[in-house]
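# Topology and contacts: notes
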Amino acid sequence: MIARWFGKNAGQDAAVEAAALRSDRFRQAREGDWQRLDAIVTRIEGGRLRKLSDDDLLALPALYRTVVSSLAIARETSLDQALISYLEGLARRAWFAVYGPREGLGAWLARFFRGGWSAAVRGLGRDLLIALAVMVLGTVVGWLLVSSNPDWFYSLMGGMGDDVRVPGATREALRHTLFGQQDQNGLSMFAAFLFSNNAQVSLFAFALGFAFGVPSVLLLIHNTAGLGALLWLYHGQGLTLDLIGWLAIHGTTELFAILLAGAAGIHIGRAMAFPGDLPVLTAAAVAGRRAAQVMVGVVLMLVLAALLEGFGRQLIDSTTTRLAIGGTMLALWNAYFFAYRPARARVSN
Amino acid sequence: MARRPRSSAQVPRRPAPDRRQRQVVTPEGVPLPFTIGARGARALALLLDQILIVATMAGLSYLLFSLARAINLKANASGDFVGQAVVVVWVVVMFLFRHIWFLYFELGPRGATPGKRALGLRVAARDGGRLTTEAVVARNFLRDIELTLPVIFVSTALIQGEDATVAGWAGAAWFLIFAFFPFFNRDALRAGDVVAGTWVVEAGRDRLKAALSTGAGAQGRSTLTENRYEFGEAELAIYGEYELQVLERVLRENREEAMVDVAQAICAKIGWNSGRGDERAFLEAYYTQLRAHLERGMRFGQRKADKFS
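Cut-offs used in this document
- Residues numbered from 1 in each chain as written.
- Chains lettered and ligands numbered in written order.
- Predicted model: local features only at pLDDT ≥ 70, side-chain atom pairs only at ≥ 80, totals over all residues.
- Helix = DSSP H or I, 4+ residues; strand = E, 2+ residues; numbered from the N terminus.
- Buried ≥ 20, exposed ≤ 12 C-beta atoms within 10 Å, placed from the backbone.
- Contact = placed C-beta atoms within 7 Å.
- Nonpolar A, V, L, I, M, F, W, Y, C, P; charged D, E, K, R; others polar.
- Axes fitted to C-alpha atoms, helices over the stretch in contact; angles between N-to-C directions.
- Parallel < 35°, antiparallel > 145°, perpendicular 65-115°, else oblique.
- Left-handed = near helix turned anticlockwise from the far one by under 90°.
- UniProt positions renumbered as here; feature names shortened; annotations may be inferred.
- Expected span 1.5 Å × (residues − 1).
- Arc of directions from axis to C-beta.
- Core = buried A, V, L, I, M, F, W, Y, C linked by C-beta atoms within 7 Å.
- Pairing = 2+ DSSP bridges.
- pLDDT = per-residue confidence, 0-100.

Where an unreviewed UniProt entry is consulted, chain A appears under the name Membrane protein SpoIIM required for sporulation, with the organism given as Novosphingobium capsulatum.

## Some thoughts on the overall build of chain A
A tally of regular secondary structure across chain A gives 15 helices and 0 strands. In chain A, buried positions account for 42% of the 349 residues. Sequence separation of 24 or more characterises 77% of the internal contacts of chain A that already satisfy a separation of 6 or more.

## Re the environment of Thr66(A)
All names here are of chain A. On the secondary structure map, Thr 66 appears in helix α4 (residues 54-77). What makes Thr 66 partly exposed here is the crowd of 18 C-beta atoms within 10 Å. Residues Thr 66 and Asp 33, 33 residues apart in the sequence, show an inter-C-alpha distance of 7.9 Å.

## Digging into the interface of chain A and chain B
If you look at the interface, chain A gives 61 residues, while chain B gives 65 residues. Of all the elements in the fold, those that place two or more residues in the side of chain A that touches chain B are α3 (22-45), α4, α5 (81-98), α6 (105-123), α10 (186-194), α11 (197-207) and α14 (280-315) of chain A. Here the side of chain A that touches chain B is composed, by residue class, of 33 nonpolar, 16 polar and 12 charged.

## Section: the packing of helix α9 (residues 256-270) of chain B against helix α10 (residues 279-299) of chain B
Residue and element names in this part refer to chain B. Running from N to C, α9 and α10 cross one another at 55°; their axes reach a closest spacing of 9 Å. Regarding the angle of α9 to α10, the classification is oblique. In terms of crossing hand, the pair formed by α9 and α10 is left-handed. Packed against α9, whose contacting residues are Met 259, Val 260, Val 262, Ala 263 and Ile 266, the element α10 presents Glu 279, Arg 280, Phe 282, Leu 283 and Tyr 286 at the interface. Here the residues of the contact of α9 with α10 are counted per class, giving 8 nonpolar, no polar and 2 charged.

## Quick look at the UniProt feature "transmembrane region" (unreviewed entry) in chain A
All names here are of chain A. Taking the UniProt record as the reference, the feature "transmembrane region" (unreviewed entry) is found at residues 128-146, 203-222, 229-249, 255-273, 294-311 and 323-340. Structurally, residues 294-311 comprises 100% helix and 0% strand, and the distance from its first C-alpha atom to its last is 26 Å. Secondary structure content for residues 323-340 is 94% helix and 0% strand, and the end C-alpha separation is 24 Å.

## Considering the environment of Asn223(A)
All names here are of chain A. As for its position among the elements, Asn 223 is in helix α12 (residues 214-235). Expressed as a C-alpha distance, the spacing of Asn 223 and Thr 139, which sit 84 residues apart in the sequence, is 8.4 Å. Ignoring anything within four residues of it in the chain, the contact list for Asn 223 reads Gly 138, Val 201 and Ile 258.

## Quick notes on α9(B)
All names here are of chain B. If you check α9, its first and last C-alpha atoms are 21 Å apart, about what 15 residues at 1.5 Å a residue would give, namely 21 Å. Among all positions in α9, only Val 262, Ala 263 and Ile 266 are buried. Considered in projection along α9, the buried side chains sweep an arc of 100° and stay on one side of the axis. Exposed residues lying more than 90 degrees from the buried face of α9 are Glu 257, Ala 265 and Ala 268. As for α9, its buried residues are in contact with α8 (241-253) and α10. Count one or two residues on from α9 and you reach Gly 271, which has phi positive near 75°.

## Some thoughts on helix α1 (residues 39-70) of chain B
Between its first and last C-alpha atoms α1(B) spans 46 Å; for 32 residues at 1.5 Å apiece the expected length is 46 Å, and the two agree. Positive phi appears at Asn72(B), one or two residues downstream of α1(B), with a value of about 60°.

## Some words on the nonpolar core
Counting 130 residues, the largest nonpolar core has Val67(A), Leu260(A), Ala261(A), Ala264(A) and Met295(A) as the members making the most contacts within it. For this core, the element with the most residues is helix α13 (residues 240-273) of chain A, which contributes 17 residues. What Val67(A) contacts, discounting residues up to four positions off in sequence, is Trp34(A), Leu37(A), Leu87(A), Leu90(A), Ala91(A) and Ala94(A). Counting 18 residues, the second-largest nonpolar core is a separate cluster that includes Leu244(B), Val262(B), Tyr287(B) and Leu290(B).

## Some thoughts on the pairing of strand β1 (residues 21-25) of chain B
Within β1(B), only 0 of the 5 residues are buried, leaving the element largely exposed. Where β1(B) folds back on strand β2 (residues 31-35) of chain B, the antiparallel hairpin that results is connected by 5 residues, among which Gly29(B) adopts a positive phi of roughly 85°.

## Comments concerning the confidence of the model for chain A
Overall, the prediction assigns chain A a mean pLDDT of 80, with 84% of residues at 70 or greater. This stretch, residues 1-16 of chain A, has a pLDDT under 50; its non-local contacts, to residues over four places away or in other chains, come to 7 contacts.

## Describing the packing of α4(A) against α5(A)
Residue and element names in this part refer to chain A. α5 packs onto α4 with a crossing angle of 150° between their chain directions and a minimal axis gap of 9 Å. The orientation of α4 relative to α5 falls into the category roughly antiparallel. Read as a crossing pair, α4 and α5 show a hand that is left-handed. In this structure, α4 uses Leu 60, Pro 61, Tyr 64, Val 67, Val 68, Ser 70, Leu 71, Ala 74 and Arg 75 to contact α5, whose residues at the interface are Leu 83, Ile 84, Leu 87, Glu 88, Leu 90, Ala 91, Ala 94, Ala 97 and Val 98. Residue classes in the contact of α4 with α5 are distributed as 15 nonpolar, 1 polar and 2 charged.

Structure below.
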């Protein structure tokens, strides 16, 4: 260290000697380190990470600490405002580099699929059960409402003009909606599903969590009530199992996604309503970061559900196979979320 | 509770305190100043990003489909299996594209999307600690809820026509609540920032300016008369750190009339007769000696904030 200051930089020594002020001597002795850090950070900011030598990359944290301590000293000993604001700017830029995200999109995705996602889902804890209970309740309520008064069907399912799925429809008409639609275009079905309001429901359920979770619950009830109404309709014509198969092939994935989204919304809402020892904003942030991870997964599940609905359901025309596929998907999701716990996976909130 | 002592005793008074200035304590325990990004700049950055996203999507699609046409692949709904698969992949990529865009750039080494870079903005953790990947994911995911969902909501309501008024108004209210969210908190946080524990700050850079106290004038030598400016203890004791900073600014700006004014003001104060035409040398000498005087005081724990203290 001393050798570096007094031996190599003879020219710098002369400048140090000439400087009148002690704070200028301080500045001149350290300026080399600052300029080096400046150069490294400039290259990082330019996105030229690959051109950075290993030496420079290793030196970055040490140089950053040097600059931070230089700044602390300069604030106490120097009144050179330009120097202090330069050091503040440099320390800030180096801070961005040193304390920025450690991993890129690819590395994060790899960690996400290898345990991060399922850990986040498990982190929702009992909110999953709440969402499940709410969805079951919604289905039952839908069924009961429609069975007591069929007029409810129209308000639950929305008034679609030419839909044959209405109370009083014949068994044949209903059966036709479930089977024999191979000629339909899978691609447009897929796209329609992906960009439809149906898929947005889960996003809404999550988004509405910010109002203490209440709208999330209402939305879940409203949507599953429609499901209950549909079940009642097909049950009346003895097509219950066929309908379940028709729904299950993509529905186990889609409803699971909606369940997760609702649970994520409730998770945020509950954290805000009952923050415990944390400040409300902190509690919301911790819950929100976990919920956002879950929601990234939900979006991917919805894409998968769209594929299953768009192609799988058109190509496979048998209730047994449909049920088998839906059941397998359900088992896979459950295994992935609750049984898959790699030791390496670390989830941070 | 006892009132805190007035901060002006330690910190020099600023002419107009910037309401966007914040102090963040780094994990090393050193406070760093940050400037909250202006709301207008952020809106502009978002607009820029959206334009770039749409342009990139359009460009990619055009490229892909001209490629498909070139190899005679029927990439549409009535095509064969391969053609349909290509379309499916394309639809999925387009569906996820805006997420990929923001995450790829904000998790990359530059740490900002092109829009933010153009406007000199960056995302940072509010607590001064590490910006985690999860935080970046959360703040970008919530953008969908703040912006994309209500827009889709309103546009589908408009297309469907029926019940459009209720849904449209609901969507518009939703959009407005989130769009104006940053105006209702001091740090200009949008909902995604609240959840992620982040904020958007300015990421300017400036060069190290040469020290004023090491030039020829700083030695106290006049450029006109070869005289040396030497100031006594009493003449230096008049001013404090705030005046020193003003003097530094005047010297760096190097405007003739400003320097004449300041030199005359100092001369009047310390009872000197100012010599015309040598203001810069005079001011540099006074700056250097005043700084030496004040820094000597600092080393003994005595700080003088301004001329009144």
